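Descriptive analysis of the structure
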Amino acid sequence: MPIIVSVPKETVPGEQRVALVPELVPRLTEAGLEVAVQSGAGELAGFFDDGYAAKGARLEAEVFDKADILLKVQPPTIAEISHMKEDSVLICFLQPYTNAAAIRALAARQITAFSMELMPRITRAQPMDALSAMSTVAGYKAVLVAASRLPKFFPLLMTAAGTVTPARVFVIGAGVAGLQAIGTAKRLGAVVEAYDTRPAVKEQVESLGAKFAELGLAAKDAEDKSGYAKAQSEDFYQKQQEMMSKYVASADVVIPTALVPGQRAPILITEEMVRGMRPGSVILDLAAEQGGNCALTEPGREIVRHGVVIIGPMNLPSTIPFQASEMYARTVTNYLAHLLKDGGLHLDLEDELTRGPLVTHRGEVVHEIVKARLCSENSTP
Ligand code: NAD
């Protein structure tokens, strides 16, 4: 019996992406798999049923109960998990550190679940790096949203009606999203400054034509071996806030993107700093999903405080669903291809690429950090 790979329609409100696009169906069928797509699954992203069918997929009304391998964007709900086949495989963004109930339910149902967020940062894994792909989308869209809310132009304009000075944009955290935001803001003509605790980033910021903000701070042990930022002390964050105040105050748009994996985003912009900004300025907090880098951010909302517009978007990649789906689907199919051998699943648990994103397997939570979090949650009174 061939393995059935299924793709459901996403049900989380506002989610417009889909985990597989028609162009990638032949990649799976040529590997000996059968592809079943839930009718309408790609519609919101601009991929229609006939496109999937033309590439060799079967369209079905329901896909959860027949899937041997389920490809998704968002984690399945508990109800969806209860419809999944026992011993099946799930690949999606699992939100592994905040999704205890679903993770327990997946383990109880003997589902082998891989979390795309936990892809190791090694060269081999780059084509499977869904987080970076989505950060690229978010960094780009963040600038467009901020620009459309700012009551000013971004570029310098010399017109018969006078000269327009360019907007000033300050990006905090110059990882994948931050660098994309810097590049997009530069292309729109803004004057861009940026800061990151990882010293290696300075050159990348400058190569995009932005100025690196020299705060005179030395982050201790700034990054781990995977290139992720390490958390700093409260004392460091307080100094960082003080040193960044003048950059924040002189900016028209601030785009904080600073994250530390597995933790709440550090607070880098205090209410006092917001008060120091010009009315009409915009903070687009790209760290909102992890609590936000601005103390006033309300995740999922746009608010005005002290005359400053503070936006805390929850799922920006979903607002460019066509290419976000293409990019995500490529990372997922690349990962699935890694797990396949001779038309069947081959899980080499010695391989860090297989083991790294694996969260549940054979009825157990097997990812050490996720397991430790679940245990500490259990022991919390
Ligand atoms: P991220 O989304 O976890 O964090 C965003 C940025 O916030 C990071 O650059 C981080 O240094 C920064 N940050 C954290 N605390 C900060 C603070 N207090 N002040 C200012 N900035 C702060 O990171 P990311 O964008 O996913 O990736 C970070 C880096 O990892 C990339 O720039 C890249 O060099 C590397 N990377 C490697 C691979 C790979 O090897 N496969 C893949 C993706 C990224």
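Just above sits the structure.
Residues numbered from 1 in each chain as written. Predicted model: local features only at pLDDT ≥ 70, side-chain atom pairs only at ≥ 80, totals over all residues. Heavy atoms only, no water.

Notes on the overall build of the protein
This is how it is decided: Secondary structure follows DSSP: runs of H or I at least 4 residues long count as helices, runs of E at least 2 residues long count as strands, and numbering of each begins at the N terminus. Radius of gyration here uses only the C-alpha atoms, and the compact-globule reference equals 2.2 Å multiplied by the residue count raised to the power 0.38. For each residue, the accessible area found with a 1.4 Å probe, counting protein chains only, is set against the maximum for its type, and the residue is called buried under 20%, exposed over 50%, and partly exposed in between. Any two residues whose heavy atoms approach within 4.5 Å are treated as being in contact. Surface exposure here means Shrake-Rupley accessible area, sampled with a 1.4 Å probe, where a residue is shielded only by the protein chains that are shown. Residues scored as charged are limited to Lys and Arg (positive) and Asp and Glu (negative), so that His and the chain ends carry no count. For charged residues, the charge sits on one atom: NZ in Lys, CZ in Arg, CG in Asp, CD in Glu.
Counting secondary structure elements, the protein contains twelve helices and 19 strands. Relative to the compact-globule value of 21 Å for 381 residues, the protein shows a C-alpha radius of gyration of 22 Å, a close match. Seen through its C-alpha atoms, the protein measures out along the principal axes to roughly 70 × 55 × 35 Å. Relative to its 381 residues, the protein shows a buried fraction of 51%. A fraction of 65% describes how many contacts in the protein between residues 6 or more apart in sequence connect residues 24 or more apart. A total of about 17000 Å² of accessible surface is found on the protein, and carbon and sulfur atoms cover 54% of it. Each charge class in the protein can be summarised by its mean position, and for the 37 positive and 44 negative side chains these summaries are 5 Å apart.

Let's talk about the pattern of salt bridges
Keep this limit in mind: The salt bridge criterion pairs a side-chain nitrogen of Lys or Arg with a carboxyl oxygen of Asp or Glu, the two atoms within 4 Å.
Within this structure, the stated rule accounts for 23 salt bridges. Among the ionic pairs, E193 bridges to R168, the shortest N-O distance being 3.8 Å. You can see E193 sitting in strand β10 (residues 191-195) and its partner R168 sitting in strand β9 (residues 168-172), a full 25 residues away along the chain. On the accessibility criterion, R168 (33% relative accessible area) is partly exposed. D196 is the partner of R198 in a salt bridge, and the nearest nitrogen-oxygen pair spans 3.8 Å.

Some thoughts on the sheet that holds strand β1 (residues 4-7)
Note: strands within a sheet are paired through backbone hydrogen bonds, in either parallel or antiparallel orientation. The criterion, for reference: Any two strands are treated as partners once DSSP identifies two or more bridges connecting them. In this analysis, axes come from line fits to C-alpha atoms, helices being fitted only over the stretch in contact, and the angle between any two N-to-C directions falls in the range 0 to 180 degrees.
Strands sit in the order β3-β2-β1-β4-β5-β6-β18-β19 across an open sheet of eight strands; the sheet is mixed. A single partner strand is all that each edge strand has here, and the edge strands are β3 (58-60) and β19 (364-365). Across four bridges, the pairing between strand β5 (residues 89-92) and strand β6 (residues 112-115) is parallel. By the bridge assignment, V89 is partnered in β6 with T112. This element, helix α10 (residues 321-339), spans β1, β4 (69-71), β5 and β6 of the sheet and lies at about 145 degrees to β5.

Let's talk about the site of the ligand
Defined as follows: For this purpose, a residue is taken to be near a molecule or strand whenever a single non-hydrogen atom of the residue falls within 4 Å of it. Any pair of nitrogen or oxygen atoms within 3.5 Å is treated as a polar contact; in protein, a donor-acceptor pairing is required on top of that, and neighbouring residues in sequence qualify only through side-chain atoms on both sides. Residue classes follow a fixed rule: Ala, Val, Leu, Ile, Met, Phe, Trp, Tyr, Cys and Pro count as nonpolar, while Asp, Glu, Lys and Arg count as charged, and any other residue, Gly among them, counts as polar.
Taken together, 23 residues form the shell around the ligand, and within it R121, V176, D196, R198 and Q240 come nearest. Take V176: an N or O atom from its main chain is 2.7 Å from an oxygen atom of the ligand. Here the ligand has 830 Å² of accessible area as a free molecule, and 87% of this is covered by the chains. Considering only residue class, the shell around the ligand consists of eleven nonpolar, eight polar and four charged.

Here we look at unusual backbone geometry
Residue H306 is not a glycine yet carries a positive backbone phi of 55 degrees. Tracing the chain through its elements places H306 in the loop between β14 (302-305) and β15 (308-311). Phi at R362 takes a positive value of approximately 50 degrees, unusual for a residue other than glycine. Within the secondary structure layout, R362 lies in the loop between β18 (358-361) and β19. Note on R362: relative accessible area 65%, which makes it exposed.

Some details on the pairing of β6
The following threshold applies: Crossovers are marked right-handed if the path from the first strand over the helix to the second runs clockwise, as seen with the strands pointing away from the viewer.
Of the two faces of β6, the one holding T112 and F114 and the one holding A113 and S115 are both buried throughout. Traced from β5 through helix α4 (residues 100-108) to β6, the parallel crossover comes out right-handed.

Here we look at the sheet that holds β15
Ordered in space as β11-β10-β9-β12-β13-β15-β14, the seven strands form an open sheet in which the pairing is mixed. Only two strands of the sheet have a single neighbouring strand rather than two, namely β11 (211-212) and β14. Sheet analysis places β10 next to β11, joined by two bridges and oriented parallel. Directly across from A194, in β11, lies its bridge partner F212. Relative to strand β13 (residues 282-284), helix α5 (residues 130-149) is tilted by about 160 degrees, and along the sheet it contacts β12 (253-256), β13, β14 and β15.

Describing the side chain of E60
Tracing the backbone through its elements, the reader meets E60 in strand β3. The class of E60 is buried, set by a relative accessible area of 16%. Separated by 3.5 Å, the side chains of E60 and K66 make a polar contact. In contact with E60, other than residues within four places in its own chain, are A36, V37, Q38, S39 and K66.

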